[in-house]
Structure formats: structure tokens, C-alpha cells
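Here's the letter readout for the chains.
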There are 2 protein chains.
Amino acid sequence: MTLKQLEAFYWAAKLGRMSIAAPRLHVTYATLARRIADLEESVGAQLFDRSSKPADLTSTGRRLFPLAGKILDLKEQISNEVVTVPAAPKYVELR
Amino acid sequence: MTLKQLEAFYWAAKLGRMSIAAPRLHVTYATLARRIADLEESVGAQLFDRSSKPADLTSTGRRLFPLAGKILDLKEQISNEVVTVPAAPKYVELR
DNA sequence: GCTCTTTACGGTCGTCGTAACTATA
DNA sequence: TATAGTTACGACGACCGTAAAGAGC
């Protein structure tokens, strides 16, 4: 399980179509579908039902969705809170 | 930023020494140190103060620590809640 | 027929472990 | 000197994009 895989799954689920999620993550269809397939293998269950054409979430996928969202929120929180200026920004010269 | 990097950082910080964290994650010193260094580059700041020998956390590292813990908790939650038996286990044949 | 998704293939990049090196206590 | 951590290096594996194929609507 990787953050990229969770990100791919999350946006595909949120946007409903992989074809829309792919450019949003700056990758091709193939890459996005592969990341989701790898996540499914890692989890051991199908996350999307491919029988319908705009692929729909399975029950497992619906269970994973909010958890994936939380992880991505935390990742963004790290990017925002940790990367920005530290607690003692007086005359500190970074690097 | 990857889950492996956060995991390396989290356990090194929690256990105090990289030399103890490394075998816990089933990797060598070199691999663990590299993952942490990569995370530092990704974050753009030092996480450990290498001037003291058992490396100590910087202020940025102390800020990252609880967030990393939350992400790893969520990862484990996914492993526990999502991987287990689905909602309709009647006569469904997986695969 | 058209759109959405998967698979095959080739190339590139990342990541790992071993081993040698540096530095602190 | 012994222990903690980093760097160099070679090899293996992962990942991406292009292109072609398969499957609903």
C-alpha cells in the first residue's frame, strides 16, 4: 500500500470516472488503473465493480474511501504545517 | 513523501536510535538512514540533529512525529478493517 | 462506433544490501 | 576503541508512458 495508490483510488472514487481522475493527478489512464489494481491486490479485494462501465465502488471500496480521504488529509496537513516556517523564525538561516 | 519514509522516521524517533529501529522494520541501517534523509529532503528541513550521536529530534521533527503516527495508525486501520471479510459473505466466490 | 479501462512492452528511475568511511562518546 | 550513522556502488525491481486490445453503452 502506498500513498500514490490511495490517492489514485480516492480521486477515481470521488470523481466517478478514472478518465477524469487521471489528468487531475497528471498521469495517464494506464498508470491510474494500474495503481488502483495494485491497491486492490494489496488489500486483497476488489474496490471497483468493472461490470458497469463508469466503474462503480464495491462495498469494500465504499469502506475504504473515507479512510483514504483521512490519510490524504494528513499528508496535506504535513505539507502545510511541517514544511512551512518553523517555530523560531527569527534570524535562522535554513540550509 | 512515502509511507515507508514516514514509518522509518516514526520508529527511529520513537525508539530513539536508528540502530534499534532498523531491524524492527527488517531493513539495514543504511536503508533506514536513507529513507529518513529522503523524507528530510521531501519536507525541506532536518528532522534529526546529527551533532549528538544517538541522533535527536529537531523542532521540525517533533512537530512531524504525531502526524506521522496518525498516518501509520490509519494505515493499520485500513489493514484491519478493509481487508477483513466483506459485507455479503453468503455464497460469493471471490476471484 | 465511441468511450472507458486493461494489458504488453521497453526504458528509466528508484531502492535495496554490502561494505567502506566518518565521527562521537 | 567501540558504537552510531552516512556514503559509494553495483544490481535488482518498480514504475511510467506509448500503443494496442478488450468490453460496455
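Residues numbered from 1 in each chain as written. Chains lettered and ligands numbered in written order. Predicted model: local features only at pLDDT ≥ 70, side-chain atom pairs only at ≥ 80, totals over all residues. Heavy atoms only, no water.

### Regarding the UniProt feature "domain: HTH lysR-type" (unreviewed entry) in chain A
Worth spelling out the cut-off: UniProt positions are given in the numbering used here, feature names are shortened, and annotations may be inferred rather than shown by experiment. Strands here mean DSSP runs of E at least two residues long; helices mean DSSP runs of H or I at least four residues long; both are numbered from the N terminus.
Summarizing the sequence annotation, UniProt attributes the feature "domain: HTH lysR-type" (unreviewed entry) to residues 1-58 of chain A in the numbering used throughout. Counting secondary structure, residues 1-58 of chain A comes out at 60% helix and 7% strand; the distance between its end C-alpha atoms is 18 Å.

### Structural notes on the protein's contact with DNA strand C
Operational definition: By convention in this text, a residue qualifies as near a molecule or strand provided that one of its non-hydrogen atoms is within 4 Å of it. Polar contact criterion, stated in full: a pair of N or O atoms within 3.5 Å, where within protein one must be able to donate a hydrogen and the other to accept it, and residues adjacent in sequence count only if both atoms are side-chain atoms. Residue polarity is assigned by list, with Asp, Glu, Lys and Arg as charged and Ala, Val, Leu, Ile, Met, Phe, Trp, Tyr, Cys and Pro as nonpolar; anything else, Gly included, falls into the polar class.
Not every one of the 20 residues close to DNA strand C is listed here, only the nearest: Tyr29, Ala33 and Arg50 of chain A together with Thr31 and Arg35 of chain B. In DNA strand C, atoms within 4 Å of the protein come from the sugar-phosphate backbone in 63% of cases. Interatomic distance of 3.0 Å between a side-chain N/O atom of Arg34 of chain B and a base oxygen of DNA strand C. Here a phosphate oxygen of DNA strand C sits 2.3 Å away from a polar atom, N or O, in the side chain of Arg35 of chain B. Here the surface near DNA strand C is composed, by residue class, of seven nonpolar, six polar and seven charged.

### A closer look at the protein's contact with DNA strand D
Within the structure, DNA strand D sits among 22 residues, and Thr31, Arg35 and Lys53 of chain A together with Ala33 and Arg50 of chain B are positioned closest to it. What you see for DNA strand D is that sugar and phosphate hold 63% of its atoms within 4 Å of the protein. Interatomic distance of 2.4 Å between a side-chain N/O atom of Thr31 of chain A and a phosphate oxygen of DNA strand D. At 3.1 Å from a phosphate oxygen of DNA strand D is found a main-chain nitrogen or oxygen belonging to Ser19 of chain B. Contributions of two or more residues to the surface near DNA strand D are made by helix H3 (29-43) of chain A together with helix H2 (18-24) and helix H3 (29-43) of chain B.

### Considerations on the pattern of salt bridges
Residue and element names in this part refer to chain A. We count it as follows: Put simply, a salt bridge is a Lys or Arg side-chain nitrogen that is within 4 Å of an Asp or Glu carboxyl oxygen. Buried, partly exposed and exposed residues are distinguished by accessible area as a fraction of the type maximum, computed with a 1.4 Å probe on protein chains only: under 20%, between the cut-offs, and over 50%, respectively.
Per the counting criterion, the structure on display carries two salt bridges over all chains. Residue Arg50 is joined to Glu40 by a salt bridge in which the shortest nitrogen-to-oxygen separation is 2.6 Å. With a gap of 10 residues between them, Arg50 in the loop between strand E1 (48-49) and strand E2 (56-57) and Glu40 in helix H3 connect regions that are remote in the sequence. On the accessibility criterion, Glu40 (7% relative accessible area) is buried.

### Quick word on the nonpolar core
This is how it is decided: The definition of a nonpolar core used throughout is a set of buried Ala, Val, Leu, Ile, Met, Phe, Trp, Tyr and Cys residues joined through side-chain atoms within 4.5 Å. The criterion used for residue contact is that any of the two residues' heavy atoms lie within 4.5 Å.
Phe9, Leu32 and Phe48 of chain A together with Phe9, Leu32 and Phe48 of chain B are the most contacted members of the largest nonpolar core, which totals 55 residues. Listed by contribution, the elements that provide at least two residues to this core are helix H1 (3-15), helix H2 (18-24), H3 and helix H4 (59-81) of chain A together with helix H1 (3-15), H2, H3 and helix H4 (59-81) of chain B. Excluding its chain neighbours within four sequence positions, the residues that come into contact with Phe9 of chain B are Ile36, Leu39, Leu47, Phe48, Leu57, Gly61, Leu64, Phe65 and Ala68 of chain B.

### Some thoughts on the environment of Asp38 of chain A
With respect to the secondary-structure elements, Asp38 of chain A resides in helix H3. Spatially, the C-alpha atom of Asp38 of chain A lies 19 Å from that of Arg24 of chain A, the residues being 14 residues apart in sequence.

### Describing the packing of aromatic side chains
Let me state the cut-off plainly: Paired rings are identified among Phe, Tyr and Trp, the last through its six-membered ring, by centres lying within 6.5 Å, and are further divided according to the angle between planes into stacked (under 30 degrees), edge-to-face (over 60) and tilted (the rest).
Overall, the coordinates contain six aromatic pairs over all chains when judged by the stated rule. Between Phe9 of chain B and Phe48 of chain B, the aromatic rings sit 5.9 Å apart at their centres with planes inclined by 65 degrees, giving edge-to-face as the arrangement. In this pair, Phe9 of chain B sits in helix H1 while Phe48 of chain B sits in strand E1 (residues 48-49), placing the two residues 39 residues apart along the sequence. Judged by its relative accessible area of 0%, Phe9 of chain B is buried. Pairing Tyr10 of chain B with Trp11 of chain B gives two aromatic rings, centres 5.4 Å apart and planes at 85 degrees, and the pair type is edge-to-face. Looking at Tyr10 of chain B, the relative accessible area reads 15%, which means it is buried. Ring-pair connections join several aromatic residues into one group, and the members of that group are Tyr10, Trp11 and Phe65 of chain A.

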